[in-house]
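If you want the building blocks of each chain, they are given just below.
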Amino acid sequence: MPKIKLPTKSPHIDMTPMVDLFSVVLTFLMLTATMRQQEPAPVDTPYSISEKPTPDFNTLTLILSNDDRVFLNFDNGPDTAFKFRPKILAEMGKRYNIEFTETELRGFEKYPASMGVPILKMKEFLAAKDAKEMSSFQTGIPVDSTDNQLALWILFARQVNPNIQACIKGDTKTGFPIVKKVLDIMADKNVYKFNLITNLEAAKINLAEIQK
Amino acid sequence: MAEIIQEEKAGGKKKAKKHAPHIDMTPMVDLMCLLITFFMLTTAFSKPKIMEINLPEKIKDPTKQEAPRISASRTLNIILGPDNLIYWYPGAVKPEDYTNLPPVSQVDFSPTGIREMLLERNRSLAKKIADYNEQVLTGKLVISQDSLLSGIRKLKTDDDTGPIVLIKAYKKANYGNFVDILDEMNICGIARYTFVDIAWFEEKMVEAAAGIPSAPATAQK
């Protein structure tokens, strides 16, 4: 029997189409990327039918983790010309007689995620070198009536930026007492309008059921 | 790779170098793969959504301001209880009933639970809203999204038969329940609802219904 001769092929595969495709995907991803923020505590948000997207700037986000810690984030979106993060921290420092240096204020401005640090630990937190050390200070913002730092943060945030909108991002399993405490603190500061951050889910109601 | 390192003859005339017709793209592809993986993992694709809620204004000075009065016949009290259950009762509890509290009914968050209960009571408004939506969807009525929303808002303001829902939360409820019940209000098109503090007798009613040993009857609030 004669041997079947396979045509000798060059060992190279033409990768050009693959590279083309990769470039397109890469460009797309790079242009649409909004970096996912590293949160100090994992938060599993509840679902709702609301379709309104989260505002991009002027937000004051309160994060309630399921171990009853409260975190805060002030976000001005991509436009940071109106630097209110350092201003808020400076106000806070004035209240607690802590002098924050220029580098510390800048560090706070640059810190990208939400923070849950008692103000007395803030200097150490900002001086921390790596993320692991930083997260050890994230014990949550005190909300007790004796040391209500959350109320002060909210107060100064609203003084510095009157247009700030309150968003609440809570974990599904967060116990209600802490939610209520936070809502009460907000109400004390005359914040009655909240945006609750949720994930989208579809809900159907049976039309026939209504028409009965 | 191997073919790039071509033996060059030392000395001699400098010839125009002959390049292989294809460039080795492997390192570039490697790098791109890494970048794509990185971006895919760090990109937040779906932006989280928000649900708006307005809380009633806190009455800071009770001598100056009186709590708004609402009719008891339209009131529906919904209490978020432990274990993802909802307890509800209609109307109000009068002070003379404190020794003999009315029973509460128990439902869950499933579509056949709370949603059916709310739709039952909010039928006329829910029907109006559904008809309105239907007209827009089928193209009988051509309006913009904004006027659709304001139309629905108007239907809600004009409504005077639907329930006034007071949402309360027992201390063992969780945040997920809170969002879920507000979501149900939106789904069922309830026109008037608000979140208020739970009263001490309501805590007792829930405890009795859920079989939780009640805390000693001190003046709780």
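Model, not experiment: these values are computed from the prediction. (Residues numbered from 1 in each chain as written. Chains lettered and ligands numbered in written order. Predicted model: local features only at pLDDT ≥ 70, side-chain atom pairs only at ≥ 80, totals over all residues.)

**Topic: the overall build of chain A**
Basically, it comes down to this: Secondary structure elements follow DSSP: runs of H or I of four or more residues count as helices, runs of E of two or more count as strands, with numbering from the N terminus. Note on contacts: residues are paired as contacts if their backbone-placed C-beta atoms lie within 7 Å.
Scanning chain A from N- to C-terminus turns up eight helices and six strands. For chain A, the α and β elements follow one another from N to C terminus as α-β-β-β-β-α-α-α-α-α-β-α-β-α. Considering only intrachain contacts with a sequence separation of at least 6, the fraction spanning at least 24 residues in chain A is 68%.

**Points about the nonpolar core**
Where we set the bar: In this description, a nonpolar core means buried residues of the types Ala, Val, Leu, Ile, Met, Phe, Trp, Tyr and Cys, linked to one another by C-beta atoms lying within 7 Å. Here the C-beta atoms are placed from the backbone, and a residue counts as buried if at least 20 other C-beta atoms lie within 10 Å of its own, exposed if 12 or fewer do, and partly exposed otherwise. A domain assignment, automatic or from a database, supplies the domain bounds used here.
Leu64 and Val182 of chain A together with Ile78 and Phe178 of chain B are the most contacted members of the largest nonpolar core, which totals 73 residues. When residues are assigned to domains, this core turns out to be shared by domain 1 (70-122 + 162-221) and domain 2 (123-161) of chain B, each giving three or more. Apart from residues no more than four positions distant in its own chain, Ile78 of chain B is found in contact with Ile86, Trp88, Val165, Leu166, Ile167, Lys168 and Ile181 of chain B.

**Overview of the interface of chain B and chain A**
Stated precisely, the cut-off is as follows: We call two strands paired when DSSP finds no fewer than two bridges between them.
With 41 residues of chain B in contact, the opposing surface of chain A contributes 52 residues. Relative to strand S1 (residues 49-54) of chain B, strand S6 (residues 193-200) of chain A is paired through six bridges, and the arrangement is antiparallel. Counterpart to Lys193 of chain A in the pairing with S1 of chain B is Asn54 of chain B.

**Observations regarding the domain arrangement of chain B**
Residue and element names in this part refer to chain B. Which entries qualify depends on this criterion: Classes in brief: Ala, Val, Leu, Ile, Met, Phe, Trp, Tyr, Cys and Pro nonpolar; Asp, Glu, Lys and Arg charged; the others, Gly included, polar.
The domains assigned to chain B are domain 1 (70-122 + 162-221) and domain 2 (123-161). Of the residues lining the interface, seven residues belong to domain 1; the matching set on domain 2 comes to seven residues. A class-by-class count of the residues in the side of domain 1 that touches domain 2 yields three nonpolar, three polar and one charged.

**What about the confidence of the model for chain B?**
Quick note on the threshold: For every residue, the predictor assigns a confidence score, pLDDT, that lies between 0 and 100.
Considering every residue of chain B, the mean pLDDT works out to 77; 81% of them sit at 70 or more. Confidence drops under pLDDT 50 across residues 217-221 of chain B; counting only partners more than four residues distant or on other chains, this segment forms four contacts.

**Remarks on the pairing of strand S3 (residues 59-64) of chain A**
All names here are of chain A. Of all six residues in S3, five are buried; the element is thus mostly enclosed. The turn joining S3 and strand S4 (residues 70-75), which pair antiparallel and follow one another in sequence, is formed by five residues; a positive phi near 65° is taken by Asp68. Bridging between S3 and strand S5 (residues 165-170) involves six bridges; their strand directions are parallel. Residue pairing across strands places Leu60 opposite Ala166, the latter belonging to S5.

**Here's the deal with the pairing of strand S5 (residues 164-169) of chain B**
All names here are of chain B. Test applied: Convention used here: a crossover is right-handed provided that the path from the first strand, over the helix, to the second strand proceeds clockwise when the strands point away from the viewer.
Counting buried positions over the six residues of S5 gives five, a clear majority of the element. Two strands pair when backbone bridges link them, and strand S2 (residues 75-80) and S5 are joined in this way by six bridges, in the parallel orientation. In the sheet register, Asn77 faces S5, and the bridge partner there is Leu166. Pairing of S5 with strand S6 (residues 192-195), which is carried by four bridges, proceeds in the parallel orientation. Counted as the bridge partner of Leu166 is Thr194 from S6. As for the winding sense of the linkage, the β-α-β connection from S5 through helix H5 (residues 175-188) to S6 is right-handed.

**A word on the sheet that holds S5 of chain B**
All names here are of chain B. What counts is decided by this rule: Fitting a line to C-alpha atoms yields each axis, with helices limited to the stretch in contact; the angle taken between N-to-C directions then spans 0 to 180 degrees.
Taken in spatial order, the five strands line up as S4-S3-S2-S5-S6 in an open sheet, and their pairing is mixed. Since the sheet does not close on itself, it has two edges, and those belong to strand S4 (105-108) and S6, each with one partner. Taking each pair of neighbouring strands and ignoring which way they run, the sheet shows an average axis angle of 25°. Its contacts with the sheet place helix H2 (residues 111-121) against S2, strand S3 (85-90) and S4, and it is angled at close to 115° to S4.

**A look at helix H2 (residues 84-95) of chain A**
All names here are of chain A. Short version of the rule: Expected span of a helix, by definition, is 1.5 Å for each gap between consecutive residues, and there is one gap fewer than residues. What the arc covers is the set of directions going from the helix axis to the C-beta atoms.
End to end, H2 covers 17 Å across twelve residues, agreeing with the expected 16 Å (1.5 Å per residue, within 8%). Considered for burial, the residues of H2 that qualify are Arg85, Ile88, Leu89 and Met92. Looking down the long axis of H2, one finds its buried residues gathered within 95° of arc, a one-sided arrangement. Tucked inside the fold, the buried residues of H2 contact S4, helix H3 (102-110) and helix H6 (149-160). Positive phi shows up at Asn97, right after H2, with a value of about 55°.

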